[in-house]
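Summary of the model geometry
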Amino acid sequence: MIPELKKQHGLHTVIVAPRRLPARCLHTLFRAGAEFVLRVIGPVTRIETIDPPSPPINWDLIAVLCLSASIALMLITIGHYGGRRSESWAPLLFWGGVMALFLPMATRISWPTVSRGERILLLLILALSIFAIKLLYAPTAFAHYDEFLHWVTASDILESHRLFLENSLLPVSPLYPGLEILTTALANLTGLSVFPASVAVLAVLRGLCICALFLLYERVCGSPRIAAIACLVYMGNSNFVFFDAQFAYQSLAIVLFILALLAEAVSGDDRHARWSSLWALVLPFLAALAVTHHVSAYFAALFLVLLAALDFLRPNTARERARVAFVAASAVALPIMWSWLIGNPSADYLGPVFERGMSEVVHFIGGGSGTREFFVAADGSRTPIWLQAIGITAVAIIALGLATGFLRSIAMSSSKYRQNVRAALFDILVCQWRNSRFVLLTLVTLGFPLSIALRLTTSGWEIGNRMGPFVFLGVGLVTAVSIVCFSQQTWWRAQVVGVALTVVFLGGVVTGWGVPAERSPYKVSADALSVEPMGVEAALWSRTWLGEGNRFATDRINRLLAATYGRQDVVTSLYDRIVTTNVFFARTLSAGELGAVKAGNVDYLLVDLRLSEAAPFVGHYFEQGESEAVGAEPPEAAALLKFNDLDRVSRVFDNGWIVIFDVRSLRDAR
Amino acid sequence: MLGNKRDLLGVFLWAAMALVAVASTNSVALRLVAGVPLVFFLPGYALLRALGLTARSALEWHVLAIGMSVVIVIIGGFVLNGVEFLSPLGWAVWLTFMTAAASGAAAFRSAAGRRLAWPRQAVAGLTARHGATLAVAALVAAAAFTIAVRDEYGYRQFHYTEFWMVPDGPERPGALTIGVKNAETSASAFDIEVLLDGRAIAVWRSLPLDPGETLTEEITLPPASGRARKAEAWLFKSGERDLVYRKVSAAIGGD
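Quantities reported herein were computed from a predicted structural model and do not represent experimental measurements.

1. Describing the overall build of chain B
Within chain B, the regular secondary structure consists of six helices and seven strands. If you list the helices and strands of chain B from N to C, you get α-α-α-α-α-α-β-β-β-β-β-β-β. In terms of overall size, chain B is more extended than a compact globule, its C-alpha atoms giving a radius of gyration of 32 Å where 255 residues would be expected to give roughly 18 Å. When its C-alpha atoms are laid out on the principal axes, chain B stretches across 90 × 55 × 30 Å. Burial status across chain B gives 45% buried among its 255 residues. The long-range share in chain B, meaning contacts at least 24 apart out of those at least 6 apart in sequence, stands at 59%. Looking at chain B as shown, the accessible area adds up to about 12400 Å², and 62% of this sits on carbon and sulfur atoms.

Right under this line is the structure:
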């Protein structure tokens, strides 16, 4: 070898040769490594090979999969039954049921040779079954925190036949009444009460969401298989199972968001359609979104402005440019106009959250402390280690999918199908892409690391969580592109894909809902786990015996029950700008606490003695940030019951745990 | 005359039937059958036909139709609020009007949007055996839901007795209502003792209450002008006189 080398390079000394040999080896190694990396992240698989000719719908398998899904739902139900009673086998049944629901369906849906119709049908069944997970948690009434906030708005509309009534639990809710309008319309027309009407609305929205998402992906990439797998990945976003399926405005907003993108794609692809038809298709969805949810409307504006910018950068017709500019301008103008019309309430509401979150991220990136500990609740309870492992593995799988799918997706969106990543990248660099929507959704995945970074901080967690459904629109597509390139050839790879998708889905449930996804006995200040019949009965008692509309001050959970079941006017810091925490926590009443009672015009104080038994699961009993003022320890029972000793205060109700004090004389005292 | 627009007549008739149902009956079942399509489908369907939209697939067309119906409902909320008609009849009138108007526009339009039918081959191969398996799956899911509902209604972690004392109102000064509700697992007998300024003024002994049962008693306190007083009511479980099970009070007068 060495003489040959010397001959090739015209070398005459043996001193050089030993240096050249490792250099050559390194070069070869580098090339091999580079080729390996390029093989992993490219080349592009052509669309025609992604969707091979497929047989007709396999009803045998669909029937069996439906049966397995129903058995999985039964396991989940029994898991909840055992969880309420602290049975040790309950988590196994619950999580086993969730896995048994998703794994067979996901494996079949992502299988290479399945007809488009079968994929859609199974996706629809899977989406509704996942909605059933949330329904089985609380099948007869609202249980989740945000649901109570919107239930108040819906009840007000039903009872008063008017919009825009005040809601002290969430003042911004009546100003974005899209979901409540839809629900009360159904309740009015059918005679149903709010809860069953909301279940019907949410079920329709869930089906609509997954079908619209599939169609959007299919429009973007042209492949039903990629579209179906992208939908499965999207189901792994931490908000899909619970947050975007609860009775709250974002559950409708995310559907309107996807429909707006789909309508934009439909109008953009229909070259022969008239202008009037184009705007009549897109504009209504954007308008409905603007009056339904602020954050989603702003995300839609961001998406559509970026889409317009991409469409302006690539070679395009003047008509098409005018169309995307019109759509983007509408997406920006409508939420701003609506916000202006209703007095810009979201600035106060969202501004501080965004500000705190971003400053914590900057602090975190700069090496500062103050980060949030993952998988540990505010009361110190830890997520089981195996669920932590699933959550981390899910993020790792997504990261791998993005790493191996990003360049492929970029290449697939180039103006020509490129087998060569470099050529495809060059196309993109010179703005030669065929489909701006594909480029946009690929670039959106850059938000994924940001959303993870935000989740590492205490205040930024909420922003990172809200970003999830929007970022996952891109994550779903790019990961799906990676998956189809991986699992084209062999059956075992298709099996691995099913398992990986299931881990991603379970990871989404773990990071989004976490351990509270399983029913368990009552916990202090733990949202749905704190809502139980005794508290509900106390709230109903207040309605029956004290009448509606009294000013009630109480903790954050009983506040929900008093406002909804009790129809009381609750005192909140968000609406009244009055913090009543110290009224309850202080050992004696001082001028400050009395001042809060007077300023809040409080009629009744509802004391829940269970608060004295444990730390709050979500980190606070009354208001966020209260631990800085009152300490981290649970309040003393004696402090909560200090009103017993006041002559002018009546103790009107007592059930052993919950006590209601009539403090009107304190309030009216000079 | 109708040609390929017969579906529009069907849509209009269904909407009109829903209007009649809402105006004439309180039957939830009937109104459910008539009302659900009126909220989620018919107006959007008619509007897409009027717009002349041609979609790539039947699924796309119907998804957009449902989405457009949702939008029409939301717009309707604001319109009905504006004219103070946000009631069951108002909703029925609005949605029927929108469906009728869009159907009319589509009927008189020369190129109404093509309605894509669902592909017939989609259900090819579906046999009775499949139907039976799907029915079993539906039964298992329904059973799971039933168990969840029964557990939700039946399970109580906390067992308790509610005890209260509230004034009857300003028109009956000094009158108080005392109530007990048994939410324990078994029947119990209770004693109630009312004290005014530390002295017993009324006693009820061995009041039997089954689980879920409520009992109320009224008491009128003797008048005492101007002086602040505090009446207390104590609840005992019969046979446990040394333990005050629940305690409530009412501050009276002294303003």
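Following the structure, the description resumes.
2. Looking at the pattern of salt bridges
The tally for this structure, following the rule as stated, stands at 34 salt bridges over all chains. Across the pair Arg314(A) and Asp311(A) runs a salt bridge, and its minimum N-O distance is 2.8 Å. Judged by relative accessible area, which is 12%, Arg314(A) ranks as buried. Residue Asp311(A) is classed as buried on the basis of its relative accessible area of 2%. Arg543(A) serves as the salt-bridge partner of Glu548(A), at 2.9 Å between the closest nitrogen and oxygen. The class for Arg543(A) is partly exposed, based on a relative accessible area of 32%. Each of Arg84(A), Arg85(A), Arg519(A), Asp151(B) and Glu152(B) takes part in a single network of salt bridges with overlapping partners.

3. Examining the domain arrangement of chain A
Many analyses report the size of an interface as the accessible area lost when the parts associate. Along its sequence, chain A is carved into domain 1 (254–344) and domain 2 (527–668). For domain 1 of chain A and domain 2 of chain A, the distance between their C-alpha centres works out to 46 Å.

4. Observations concerning the interface of chain A and chain B
Of the residues lining the interface, 90 residues belong to chain A; the matching set on chain B comes to 79 residues. Surface buried jointly by chain A and chain B totals about 7300 Å² across both partners, of which 70% is contributed by carbon and sulfur atoms. For the pair chain A and chain B, the number of links is seven salt bridges. Our count for the chain A to chain B interface comes out at 23 residue pairs in polar contact (both at pLDDT 80 or more). Elements that contribute at least two residues to the side of chain A that touches chain B include exactly α4 (59–84), α6 (116–137), α8 (178–190), α9 (194–221), α11 (249–269), α12 (275–290), α22 (533–546) and β4 (650–654) of chain A. Residue contributions to the side of chain A that touches chain B peak at 13 residues, all from α4(A). Here the side of chain A that touches chain B is built from residues that sort into 58 nonpolar, 15 polar and 17 charged. As defined by bridge partners, β4(A) adjoins strand β1 (residues 160–167) of chain B across two bridges and the pair is classed as antiparallel. Across the sheet, residue Asp654(A) finds its bridge partner in β1(B), namely Phe163(B).

5. So, the side chain of Asn237(A)
Residue and element names in this part refer to chain A. Structurally, the position occupied by Asn-237 is in the loop between α10 (224–234) and α11. For Asn-237, a relative accessible area of 1% translates into the label buried. Ignoring any residue separated from it by four or fewer positions in sequence, one finds Asn-237 in contact with Gly-468, Pro-469, Phe-472 and Gly-508.

6. Comments concerning the sheet that holds strand β6 (residues 229–237) of chain B
What links the strands of a sheet is backbone hydrogen bonding, and the strands pair in either a parallel or an antiparallel sense. Residue and element names in this part refer to chain B. The four strands lie next to each other as β4-β3-β6-β7, forming an open sheet whose pairing is antiparallel. A strand with exactly one partner marks an edge of an open sheet, and here the two such strands are β4 (199–209) and β7 (246–252). In this sheet, neighbouring strand axes are inclined to one another by 15° on average, regardless of whether the strands run parallel or antiparallel. Across seven bridges, the pairing between strand β3 (residues 188–196) and β6 is antiparallel. Bridged to Glu-193 within β6 is Trp-234.

7. Overview of the pairing of β6(B)
Note: β6(B) against β7(B), seven bridges, orientation antiparallel. Among the inter-strand pairings, Lys230(B) is bridged to a residue of β7(B), identified as Ala251(B).

8. Some thoughts on helix α5 (residues 88–108) of chain B
The first and last C-alpha atoms of α5(B) sit 30 Å apart over 21 residues, in line with the 30 Å expected at 1.5 Å per residue. Residues of α5(B) that are buried: Gly90(B), Trp91(B), Ala92(B), Trp94(B), Leu95(B), Thr96(B), Thr99(B), Ala102(B), Ser103(B) and Ala106(B). In this structure, the buried residues of α5(B) make contact with α8 of chain A together with α1 (6–24), α2 (28–40), α3 (42–51) and α4 (58–82) of chain B.

9. Digging into the sheet that holds strand β5 (residues 658–662) of chain A
An order of β2(A)-β1(A)-β3(A)-β5(A)-β4(A)-β1(B)-β2(B)-β5(B) is seen for the eight strands of this open sheet, with the pairing classed as mixed. Since the sheet does not close on itself, it has two edges, and those belong to β2 (569–570) of chain A together with β5 (214–220) of chain B, each with one partner. Bridge count between strand β3 (residues 604–608) of chain A and β5(A): five bridges; the pairing is antiparallel. Counterpart to Tyr604(A) in the pairing with β5(A) is Asp662(A). The sheet strands contacting α22(A) are β1 (551–553), β3, β4 and β5 of chain A together with β1, β2 (175–183) and β5 of chain B, and the helix crosses β1(B) at an angle near 20°.

10. Quick notes on the side chain of Asn239(A)
Residues and elements named next belong to chain A. Tracing the backbone shows Asn-239 in the loop between α10 and α11. Here the side chain of Asn-239 touches Asn-465 through a polar contact of 3.0 Å, landing on its backbone oxygen. Not counting the four nearest positions on each side in its chain, Asn-239 is found in contact with Asp-244, Asn-465, Arg-466 and Pro-469.

11. Quick word on the environment of Asp427(A)
Relative to the elements of secondary structure, Asp427(A) occurs in helix α17 (residues 421–429). Taking the C-alpha atoms as reference points, Asp427(A) and Ile410(A), separated by 17 residues in sequence, lie 9.4 Å from one another.

12. Let's talk about the packing of aromatic side chains
Tallied over the full model, the rule gives 31 aromatic pairs over all chains. Arranged with centres 4.2 Å apart and planes meeting at 15°, the rings of Phe299(A) and Phe470(A) form a pair that is stacked. Of the two residues, Phe299(A) is situated in helix α13 (residues 294–313) and Phe470(A) in helix α20 (residues 461–486); the sequence distance between them amounts to 171 residues. Each member of the pair, Phe299(A) together with Phe470(A), is buried. Pairwise contacts between aromatic rings join Phe142(A), Phe148(A), Trp151(A), Phe195(A), Phe247(A) and Tyr565(A) into one cluster. Across the ring face of Tyr137(A), the terminal group of Arg519(A) is positioned such that the distance to the ring centre comes to 4.3 Å. The positively charged end of Arg246(B) is found above the aromatic ring belonging to Tyr245(B), 4.1 Å away from the centroid.

13. Remarks on the confidence of the model for chain A
Taken residue by residue, chain A gives an average pLDDT of 88. The fraction at 70 or more is 90%. Across residues 1–18 of chain A, confidence stays below pLDDT 50; counting only partners more than four residues off in sequence or on other chains, it has eleven contacts.

Procedures and definitions
- Residues numbered from 1 in each chain as written.
- Chains lettered and ligands numbered in written order.
- Predicted model: local features only at pLDDT ≥ 70, side-chain atom pairs only at ≥ 80, totals over all residues.
- Heavy atoms only, no water.
- Helix = DSSP H or I, 4+ residues; strand = E, 2+ residues; numbered from the N terminus.
- Rg over C-alpha atoms; globule rule 2.2 N^0.38 Å.
- Buried < 20%, exposed > 50% of the residue type's maximum accessible area, 1.4 Å probe, protein only.
- Contact = heavy atoms within 4.5 Å.
- Areas by Shrake-Rupley, 256 points an atom, 1.4 Å probe, with all protein chains shown as cover.
- Salt bridge = Lys/Arg side-chain N within 4 Å of Asp/Glu carboxyl O.
- Domains from an automatic or database assignment.
- Buried area = accessible area lost by both parts, 1.4 Å probe.
- Polar contact = N/O pair within 3.5 Å; in protein donor to acceptor, adjacent residues only side chain to side chain.
- Nonpolar A, V, L, I, M, F, W, Y, C, P; charged D, E, K, R; others polar.
- Pairing = 2+ DSSP bridges.
- Axes fitted to C-alpha atoms, helices over the stretch in contact; angles between N-to-C directions.
- Expected span 1.5 Å × (residues − 1).
- Phe/Tyr/Trp six-rings, centres within 6.5 Å; stacked < 30°, edge-to-face > 60°.
- Lys NZ or Arg CZ within 6 Å of the ring centre and 35° of its normal.
- pLDDT = per-residue confidence, 0-100.

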